[in-house]
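What follows is the residue order along each chain.
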Amino acid sequence: MKQPQITRPVTSEVEGMAQATTRRHFLLGAAAGTIAAVIPGQNMASAETSGEIQITEPFHGAVLNHRHGEQTNDGLRIRVSGQAPLRDRVTVNGSPAEREGTSFVSHIVLREKQTEIVAVSEGSFGRAEHRVRVVWDKQSQPRYRFSIDDNSFFLRDIAQKKYGSLFECFYLKGLRELNSKYGARFVLNIYYTTEDGFELPQFPDRYKAEWRDNCEWLRLAFHAYANKPDRPYQYAPAAQLIADLDKVAEQIHRFAGEQTYSPPTVIHWGQVQPTALKPLYERGVRALSGYFRWAGAGWDVNYLFDDARSEYLSRHDALMDFESGIVFSRVDIICNNVPLERIAPTLDESAKDPKEAEILDLFTHEQYFWPFYSNYVPDHFQRLDAAIRWATEHGYKPIFFHEGFLGGPQ
Ligand SMILES: [Zn+2]
């Protein structure tokens, strides 16, 4: 596969991702400057003169586990830090914080699933406070979720060839081999149509028993109505997204059954209107994945999140959006974009950082499996094997994000 050049504009979802993986560290450096300029209270001067107090860590919506503090039977002890006016007295959840210049530091113990952290400053400007809420993933264990986007060709292939079994299609056969070998689970995010005459209603229901027999590891979810246009839901009304979702969901239920149905895990291009999140939650969505990448002029494949949250997600596993109830997850690797020999080193890199090490969001796109596709990747299955082997050997368990809390016990 051709590697896109750094200066080339993003022309497609899948190509754009190469930039995200190869440019990430460079871009984060560039982005950090942008963010510092837009978050009020982030620099010492503004904290001192404006009377603002701000908790800088943990971040509002942070999903915290044993890697983020000291976990005991009692709870998770974490560090809370931030900025406040120089001479103010600061308390965090009622206890005096340590001061050093305009910084403050305190420790609290999370005992509930969600905890509100309240930092209060009192001094010559009066009283001010900042509240953030965090989620404790108490039972967290290392786990991985594998999702594959842009699926449609395998359904057309099975419908046209009228195979005796779903697994006569080389694509599903390859995925089943990875399941037999490693216990891997896959969620396939599908389109309604391939736009050349094939639509889901043409897919027969005679494989229903086979879908059911494999639902422990193989699920289907809505991704978009079709591959084109690009960014179909970025500016679409929520009602259109939900109507397309319902159309695909109905078909999955018809031909594969309820057990195989998964709520959406990634919406095509990872961009939706903020007003669509609540309706998605109502359709069972508990987690959505994106790239949260810096794309030169702004953050992209980031569900239109603001800069601060996008930047946070670019270097963390997950973030809770309390307004919708959906947890957002950052994709760790896009197998179609990472050469085989770079798969393990890329995952090694993620695992080194406690902020990214616990939950692996493994990902790729269906089209690269097909020899007729212009950017066909002949060793695509070997790449998946390398990623899943790495996860297995490092103690990560295969899960689905929509079960439990991000696939772990609630
Ligand atoms: Zn897509």
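Preceding this paragraph is the structure being described.
Visitor: Looking at this structure, I do not really get the overall build of the protein. What am I missing?
Guide: Scanning the protein from terminus to terminus reveals 10 helices and 21 strands. Long-range pairs, those at least 24 residues apart, make up 72% of the contacts in the protein between residues at least 6 apart in sequence. Surface summary for the protein: the accessible area is close to 17,400 Å², and the carbon and sulfur share equals 49%.

Visitor: I would appreciate a short explanation of unusual backbone geometry in the present structure.
Guide: In most cases, non-glycine residues show a negative phi, while peptide bonds are predominantly trans. Pro 58 follows Glu 57 through a cis peptide bond whose omega is 0 degrees. For Pro 58, the position within the fold is in the loop between β1 (54-57) and β2 (63-64). Cis geometry is found at the peptide bond from Lys 228 to Pro 229, where omega equals 0 degrees. Mapping Pro 229 onto the fold places it in the loop between β13 (218-224) and α6 (238-256). Phi angles above zero are rare outside glycine, and Tyr 303 is one such case at about 55 degrees. With respect to the element layout, Tyr 303 can be found in the loop between β16 (299-300) and α8 (307-313). Positive phi, close to 50 degrees, is recorded for Leu 406, a residue that is not glycine. One can find Leu 406 in the segment after β21 (397-398).

Visitor: Can you help me understand the pairing of strand β11 (residues 143-151) in this one?
Guide: On any regular strand, side chains alternate: one points to one face of the sheet, the next to the other face. Among the nine residues of β11, nine are classified as buried, and the element is accordingly described as predominantly covered. Pairing of β11 with strand β20 (residues 359-365), which is carried by seven bridges, proceeds in the parallel orientation. Bridging across to β20, Ser 147 finds its partner in Phe 363. In this sheet, strand β12 (residues 186-191) lies alongside β11 in parallel orientation, the contact comprising four bridges. Each bridged residue has a counterpart across the sheet, and for Ser 147 the counterpart in β12 is Val 187.

Thresholds, definitions, all that
Residues numbered from 1 in each chain as written. Predicted model: local features only at pLDDT ≥ 70, side-chain atom pairs only at ≥ 80, totals over all residues. Heavy atoms only, no water. Helix = DSSP H or I, 4+ residues; strand = E, 2+ residues; numbered from the N terminus. Contact = heavy atoms within 4.5 Å. Areas by Shrake-Rupley, 256 points an atom, 1.4 Å probe, with all protein chains shown as cover. Buried < 20%, exposed > 50% of the residue type's maximum accessible area, 1.4 Å probe, protein only. Pairing = 2+ DSSP bridges.

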